[in-house]
Number of protein chains: 4
Amino acid sequence: MSTIRKVVLAYSGGLDTSVILKWLQDRYQCEVVTFTADIGQGEELEPAREKARKLGVKEIFIDDLREEFVRDFVFPMFRANTVYEGEYLLGTSIARPLIAKRLIEIAALTGADAIAHGATGKGNDQVRFELGAYALNPDIKIIAPWREWDLTSREKLLAYAEQHGIPVEMKHKAGGSPYSMDANLLHISYEGRHLENPAAEPEEDMWRWTVSPEKAPDEPEYVEIVFERGDPVALNGERLSPAALLAELNRLGGKHGIGRLDLVENRYVGMKSRGCYETPGGTILLKAHRAIESITLDREVAHLKDDLMPRYASLIYNGYWWSPERKALQALIDHTQEHVNGWVRLKLYKGSAMVVGRDSPTDSLFDPRIATFEDDQGAYNQGDATGFIRLNALRMRIAAKRKHR
Amino acid sequence: MSTIRKVVLAYSGGLDTSVILKWLQDRYQCEVVTFTADIGQGEELEPAREKARKLGVKEIFIDDLREEFVRDFVFPMFRANTVYEGEYLLGTSIARPLIAKRLIEIAALTGADAIAHGATGKGNDQVRFELGAYALNPDIKIIAPWREWDLTSREKLLAYAEQHGIPVEMKHKAGGSPYSMDANLLHISYEGRHLENPAAEPEEDMWRWTVSPEKAPDEPEYVEIVFERGDPVALNGERLSPAALLAELNRLGGKHGIGRLDLVENRYVGMKSRGCYETPGGTILLKAHRAIESITLDREVAHLKDDLMPRYASLIYNGYWWSPERKALQALIDHTQEHVNGWVRLKLYKGSAMVVGRDSPTDSLFDPRIATFEDDQGAYNQGDATGFIRLNALRMRIAAKRKHR
Amino acid sequence: MSTIRKVVLAYSGGLDTSVILKWLQDRYQCEVVTFTADIGQGEELEPAREKARKLGVKEIFIDDLREEFVRDFVFPMFRANTVYEGEYLLGTSIARPLIAKRLIEIAALTGADAIAHGATGKGNDQVRFELGAYALNPDIKIIAPWREWDLTSREKLLAYAEQHGIPVEMKHKAGGSPYSMDANLLHISYEGRHLENPAAEPEEDMWRWTVSPEKAPDEPEYVEIVFERGDPVALNGERLSPAALLAELNRLGGKHGIGRLDLVENRYVGMKSRGCYETPGGTILLKAHRAIESITLDREVAHLKDDLMPRYASLIYNGYWWSPERKALQALIDHTQEHVNGWVRLKLYKGSAMVVGRDSPTDSLFDPRIATFEDDQGAYNQGDATGFIRLNALRMRIAAKRKHR
Amino acid sequence: MSTIRKVVLAYSGGLDTSVILKWLQDRYQCEVVTFTADIGQGEELEPAREKARKLGVKEIFIDDLREEFVRDFVFPMFRANTVYEGEYLLGTSIARPLIAKRLIEIAALTGADAIAHGATGKGNDQVRFELGAYALNPDIKIIAPWREWDLTSREKLLAYAEQHGIPVEMKHKAGGSPYSMDANLLHISYEGRHLENPAAEPEEDMWRWTVSPEKAPDEPEYVEIVFERGDPVALNGERLSPAALLAELNRLGGKHGIGRLDLVENRYVGMKSRGCYETPGGTILLKAHRAIESITLDREVAHLKDDLMPRYASLIYNGYWWSPERKALQALIDHTQEHVNGWVRLKLYKGSAMVVGRDSPTDSLFDPRIATFEDDQGAYNQGDATGFIRLNALRMRIAAKRKHR
């Protein structure tokens, strides 16, 4: 156990991180700074201030990071049409590097030599917090209480809380939520307990952000998104800030039952786990971004991006946002978005978002005069196809002759 | 113009290929063999026999290729979770190599020295037919009338037909379908005319295989698919042949409005084009296959497949099914499917198919004892994560020290 | 045959392009502008001016492009450690986009509506010239005489020359060089005739730029190259311009018999061809660049570059320098070179260049305190490896348990 | 510290593993089984038997694994033209999975519940041994003494040896070799001590397998290698077993000073390290294999292999030979080698091996009638290139028009 002078704790104000706060004070005899961020999780943050103060914390940071989160993390990720393992929109993964960055910034501001977080030793989040922190400050000390302490059961945790005067709400005594949840402006996730049997359907009352498709409106709703350089900037004619735009997309998607996902995924630490996600706005945004790219992006650039996307997604999932290889890929991705300008129209209805129109007045590469099935006035010379095919076939013809020989 | 002795024509029995048939006889003074395949397009084939006979054809091939199509082309492609440009399930692309193969086989059987097809000089299908044909018979001659003749407008085509006694149905005189369509057991596609403005929503009455989500049943329906070595083998408890299984999935998907797609895609010949697709069964199958892989496939194998998938998809889209590089990729893909056994349950409802359960009695890699948030009895040592993170961070820490120097 | 007003011809002053010059005037009845570039091929350019003038050309462009060639084409390519098919350093490929660019610039300057070049219809160079030209000016007309005319044998060409008063040197009458050659500051290449049997060793007197290793000095020579942001900037202590540096490396490499290559390569147009190359400076530079990256570049960034390199090499080989996908990759590559600063020492001896030392006073990531086999004073905690290995093994252990079940 | 019943130790008979042997007996109070393999390291193995016996070992395994090593590990790896970080031929990496496999096999044979090895906690070899062992037996216990014990300096190790009656040779007392070395039929490696300054040239007397190029024969020597399905099977006309062939190539390469490498590489555990390698036979083999592929392998298959090679190399370097993703890649690689039959001739001279001829009587794809610069009798239609180029340029022309708009 190393000596710690002062530690910045990622503090939610909930039971677990309150216990951690106390445990850090006891165990390391060090000062604790708390950091609580609003990244759109939809919870009051002021109670966290009060709780921290009661536990003797002198330096309390409560930051509204919603715009930074969407502008500098979510939108850059969506420029790549990022999806992990074919399905997951990385809602949790993309928030962690921002928290890591802010923890390190606050450590610098407050002269702390360590940070601490409440992620367990089995999950991806510990990796994301810590890889980010190490990349930003190689000398930082990191305390992950769940990997250190002996509070290995809920009972022991509750006992520790009561023993140290940490208020325990009724719901905790009753066993707590049947799910482990995480939320931010991009998504809410559910893991654990009832979901640990991947054969069983999640219960309807688990879902919090979206209505069930069955209860969604019987009328479809159309939405139009304007993109500039690959990022959405306006919704239904109204220019919105990044966070406001994503929040509104969440509202619309949630209303129409869009963005539920039930998935078994592969964690970086080596096991499979089952997670359920609601990503209403992100689900719409992904489709819209692909659609605006479909008319503004060159074919080979689009394919290059598609080839690299799974790797980029894994980097984010695994916690390498602050790595040099993620930044190198981002340089490529951002470079490609120069012409990704225009609008997309989608139809939202009972669980699905369908693209029904797209155009780019300034940057469209769709040329109806060439693509047309009608007479194209010579814009395209069909005879060119003969040579194109014959030379592309040449190597295979030579090989086929070998076979016949 | 080369000398042709006998040509095998991919013949649908429709107006265009009937005109081609006659034109081949006139232009090349050669014998024409017709080949008409049932790949599940849902049209009567016997009229094609009659029409061919009337046009003087002596060798007429009408083949039911449905089982071969699904077993040897569709299913192998789905083993890779194949999607082109993030959206398109390659319904047209995957049928062409089978037609090419059969054309070459019939050419060998009948002693023909050429094949002919009715694909235009602007599209992908000419490439797919011809690359396949050349790969299978390097000496074959290929006639693509649309790249050769001067029947460059519908009026000229109709005039030619009437002049040569080819029956022209009323619908053709009236201008024909507003869309260019293609169908087989995997999908039906729409291109051209009304769709040439990518900003405009397709008209509801265009869609033929699926009801609109709005008109789909108000009650969700569950379906269970059993996989063996990566291929679906049973549906709702009933073991079915490949073609029968896909047909039944199409029925279910169509009933629930599943599998519509409105897309601007990049053609191999260099232009963007707008296509609409209905792939009801395939849309369900793709989700189900990803789900069964999610519990049976190793993480890194799954990621390797994801990394290679866009390339594999492009090969199929571009017509390289019979190429050695597609076969090499298939060797890898097929190798990975050994343990992809188990079942998946999906909920179909008003346009969407959602996975709600999956299991593999024999091959699951999901181990709840390790993934659990509860006490795992020591199956996983949380302390291992410390070293894992620290060594993964090491290179970034060294680099960060460089920065601070 | 389209109408041409004025055409810019890539003109070497040699027999072939002189015939082309005349043929263009005759065939298209158009004005011809000549463009001759010094890219380090080591030939006098002024005779080309005289010849062009005699053939009635009024606008004659003779440009020294050596610095631009090395600075904007060769060095950016070497930042990626670019090698085609494991061996070829792309000496010819990388010069073509510069010629294409200059042809289009001169067409704009002179009001020409077409360009012409002397590349044959079988090779890669026609593709490289024309893809570049089309990318830079989509409306340009391109004349490739070798694909058009009937001067299909050397005899016909010579007859045409004599008939039109084009001077024919003795060597041409004697049958010309036994090789088709191309040279610039990066390399000289040999193809054709004597090399068309890939089983036979090239004759020693073919090689022009390098002595045979057998005749190279018996004493090794050391050379030290300084890199800044991935580009070489100084040699043996002397700061040199890009072209001067590469020229000096060529001299050194040539003296020591370095950089010969005998290769069968795959052309973009579909056939295999045998080529021999001398790339003395480039061969040294490639090794040196890898070496400076080896101590300054992050592992994962280096691996990302290695993964993308073959694709980048194919783009250049195939003529896609001016494509958006090459530029996107370049954005990534250039981004990675920020810290590639330092020096490399190599030993040149009888055909090989071996790295024997490298360091970066400002940007080294090599930390002897960590890598040491000696006591490292706690810089690295060996115990971390246990967790690192155990978590990396976890998925394989779970799979192995499945196997045993 | 877990309870161990019986442990299989990878035992060289040298000082370090002898100390480990004794330490295991003392520390774990368990029985030790020794395993010593001949993989071509060129050392007598019988002394190891004697030493083990003296230390009380009852079950002693001494296996000649040379043929298996080359046939089932080295050759499969060379089918992929495998090179790590552009330079390293993976000589150490490829031997470890064989040792891991044999350790697990012997554990099964002898009823041991653990294995142990002498690799340190900083290197790659611990990872390779242990990932392999875990993949083959998920329940095996692994003891890595260097990560556990307190013998952290050479002095303590020597003291322990003397204290326990383990014979210590004079060279050890004198400080041991200035390098950490590893050898097998593929290579010998040097790390540590004198090499820890990457700026300094290795001393000439370090190299053991190759003469310096300066001292190599003044006459070049030609060698001809025959390949079948991608593997070398005969040398200079004589059919040889895999191990015999590689040994003979080593002799020839060593004689001519071929295969030295001085490298800074990136270890999997996160740091850079400097290594020097001699791989005489492998260096020749790599060039030869690329050459035989150059005339027998399809272009796109070759490029697919090149794209995947760095990933495959990293898998082997990082210790994932027994992983499912390596096996999946191997399935692809092996599939591609069917036609890789023929012969290659190389010239060996003072440090370099140059391919000077290659042919495949049965499988060549080199068709001189098509590639020729002479009249090809119509085998290739140059006019095809026009359409080929025009359609490949189409997307860039459309984009260029956008720019001008």
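Just so we're clear, the structure is a prediction, and the values are computed from it rather than from any experiment. (Residues numbered from 1 in each chain as written. Chains lettered and ligands numbered in written order. Predicted model: local features only at pLDDT ≥ 70, side-chain atom pairs only at ≥ 80, totals over all residues. Heavy atoms only, no water.)

> Could you clarify how one ought to interpret the overall build of chain A in this entry?
Summing up its helical and strand segments, chain A has 14 helices and 14 strands in all. Each of the three principal axes of chain A carries a C-alpha extent, and together these read 85 × 55 × 45 Å. Across the 405 residues that make up chain A, the buried fraction comes to 66%. As presented, chain A carries roughly 14,000 Å² of accessible surface, and 48% of it is formed by carbon and sulfur atoms. Averaging the coordinates of the 53 positive side-chain charges in chain A and doing the same for the 60 negative ones gives two points 5 Å apart. (Helix = DSSP H or I, 4+ residues; strand = E, 2+ residues; numbered from the N terminus. Buried < 20%, exposed > 50% of the residue type's maximum accessible area, 1.4 Å probe, protein only. Areas by Shrake-Rupley, 256 points an atom, 1.4 Å probe, with all protein chains shown as cover. Lys, Arg positive; Asp, Glu negative; His and termini not counted. Charge placed at Lys NZ, Arg CZ, Asp CG, Glu CD.)

> Help me understand the interface of chain D and chain C in this model?
In many reports, interface size means the accessible area that the parts give up when they come together. With 103 residues of chain D at the interface, the matching set in chain C holds 104 residues. Both sides together, the interface formed by chain D and chain C hides about 9,000 Å², and carbon and sulfur atoms give 54% of it. Where chain D meets chain C, there are twelve salt bridges. At the junction of chain D and chain C, the tally comes to 47 residue pairs in polar contact (both at pLDDT 80 or more). Tallying contributions element by element places helix H14 (residues 384-404) of chain D first for the side of chain D that touches chain C, with 13 residues. (Contact = heavy atoms within 4.5 Å. Buried area = accessible area lost by both parts, 1.4 Å probe. Salt bridge = Lys/Arg side-chain N within 4 Å of Asp/Glu carboxyl O. Polar contact = N/O pair within 3.5 Å; in protein donor to acceptor, adjacent residues only side chain to side chain.)

> How should the pattern of salt bridges be read in this particular structure?
Where side chains of opposite charge bring their charged atoms close, a pairing between them can arise. If you walk through the whole model with that rule in mind, you get 157 salt bridges over all chains. For Glu191 of chain B, the salt bridge identified is with Arg267 of chain B, shortest N-O distance 3.5 Å. On the criterion of sequence distance, the pair formed by Glu191 of chain B in strand S7 (residues 188-191) and Arg267 of chain B in the loop between strand S11 (260-266) and strand S12 (272-278) is long-range, its members being 76 residues apart. As far as the burial class goes, Glu191 of chain B and Arg267 of chain B line up, both buried. For the salt bridge of Arg154 of chain D with Asp16 of chain D, the shortest nitrogen-to-oxygen distance reads 3.6 Å.

> Which parts of the structure should I look at to understand the packing of helix H4 (residues 96-110) of chain A against helix H5 (residues 125-136) of chain A?
The geometry of a pair of packed helices is captured by two quantities: the angle between their axes and the separation between those axes. Residue and element names in this part refer to chain A. In the contact formed by H4 and H5, the axes pass within 8 Å of each other and the chain directions differ by 45°. Judged by the angle between their axes, H4 and H5 are oblique. At the point where H4 passes H5, the crossing takes the right-handed sense. From H4, Arg96, Ile99, Ala100, Lys101 and Ile104 reach across to H5, where they touch Asp125, Arg128, Phe129, Gly132, Ala133 and Leu136. (Axes fitted to C-alpha atoms, helices over the stretch in contact; angles between N-to-C directions. Parallel < 35°, antiparallel > 145°, perpendicular 65-115°, else oblique. Left-handed = near helix turned anticlockwise from the far one by under 90°.)

> Please clarify how the interface of chain D and chain B should be interpreted in this entry.
The interface is formed by 24 residues belonging to chain D together with 24 residues belonging to chain B. Counting the surface lost from both chain D and chain B, the interface buries some 2,000 Å², and carbon and sulfur atoms represent 69% of this. If you sort the residues of chain D by the area they bury against chain B, Leu304, Arg311 and Glu325 of chain D come out on top, with a joint share of 23%. If you look at where chain D meets chain B, you find two salt bridges. Residue Arg311 of chain B pairs with Asp307 of chain D through a salt bridge whose shortest N-O separation is 2.7 Å. Linking chain D with chain B are two residue pairs in polar contact (both at pLDDT 80 or more). Tallying contributions element by element places helix H12 (residues 324-336) of chain D first for the side of chain D that touches chain B, with nine residues. Of the residues that constitute the side of chain D that touches chain B, the class distribution is 13 nonpolar, four polar and seven charged. (Nonpolar A, V, L, I, M, F, W, Y, C, P; charged D, E, K, R; others polar.)

> Just checking my understanding: could you explain the sheet that holds strand S14 (residues 352-359) of chain C for this structure?
Residue and element names in this part refer to chain C. Spatially, five strands are ordered S10-S9-S8-S13-S14 in an open sheet, and the strand pairing comes out antiparallel. At either margin of the open sheet sits one strand with a lone partner, and together these are strand S10 (238-239) and S14. Sheet topology note: the strand S13 (residues 342-349)/S14 ladder contains seven bridges and is antiparallel. Across the sheet, Leu348 pairs through a bridge with Ala353, a residue of S14. (Pairing = 2+ DSSP bridges.)

> What is the right way to read the relation of the copies chain D and chain C from this model?
Superposition of the two copies of the chain requires a rotation about an axis together with a shift along that axis. With an RMSD of 0.0 Å, the fit of chain D onto chain C corresponds to turning through 180° and sliding 0.0 Å along the axis. On this basis, the relationship between the two copies can be described by a two-fold rotation axis. When the interface residues of chain D are mapped onto chain C, 100% of them again fall at the interface, so both copies present the same face. (Least-squares fit on C-alpha atoms with pLDDT ≥ 70 in both.)

> Would you explain the environment of Leu297 of chain D in this entry?
Within the secondary structure, Leu297 of chain D is located in the loop between helix H10 (280-296) and helix H11 (299-318). Leu297 of chain D sits 46 residues away from Arg251 of chain D along the chain, and the two C-alpha atoms are 29 Å apart. What Leu297 of chain D contacts, discounting residues up to four positions off in sequence, is Asn266 and Lys272 of chain C together with Ala302, Lys305, Thr336, Val340 and Leu365 of chain D.

> Please explain the UniProt feature "binding site: L-citrulline" (unreviewed entry) in chain A as it appears in this structure.
Residues and elements named next belong to chain A. The positions UniProt marks with the feature "binding site: L-citrulline" (unreviewed entry) are Tyr88, Ser93, Asn124, Arg128, Ser180, Ser189, Glu265 and Tyr277. With respect to the secondary-structure elements, Arg128 resides in helix H5. For Arg128, a relative accessible area of 4% corresponds to the buried category. Here Ser189 is to be found in strand S7 (residues 188-191). With near-sequence residues (within four places) excluded, Ser189 lies in contact with Thr92, Ser180, Met181, Asp182, Cys276 and Tyr277. (UniProt positions renumbered as here; feature names shortened; annotations may be inferred.)

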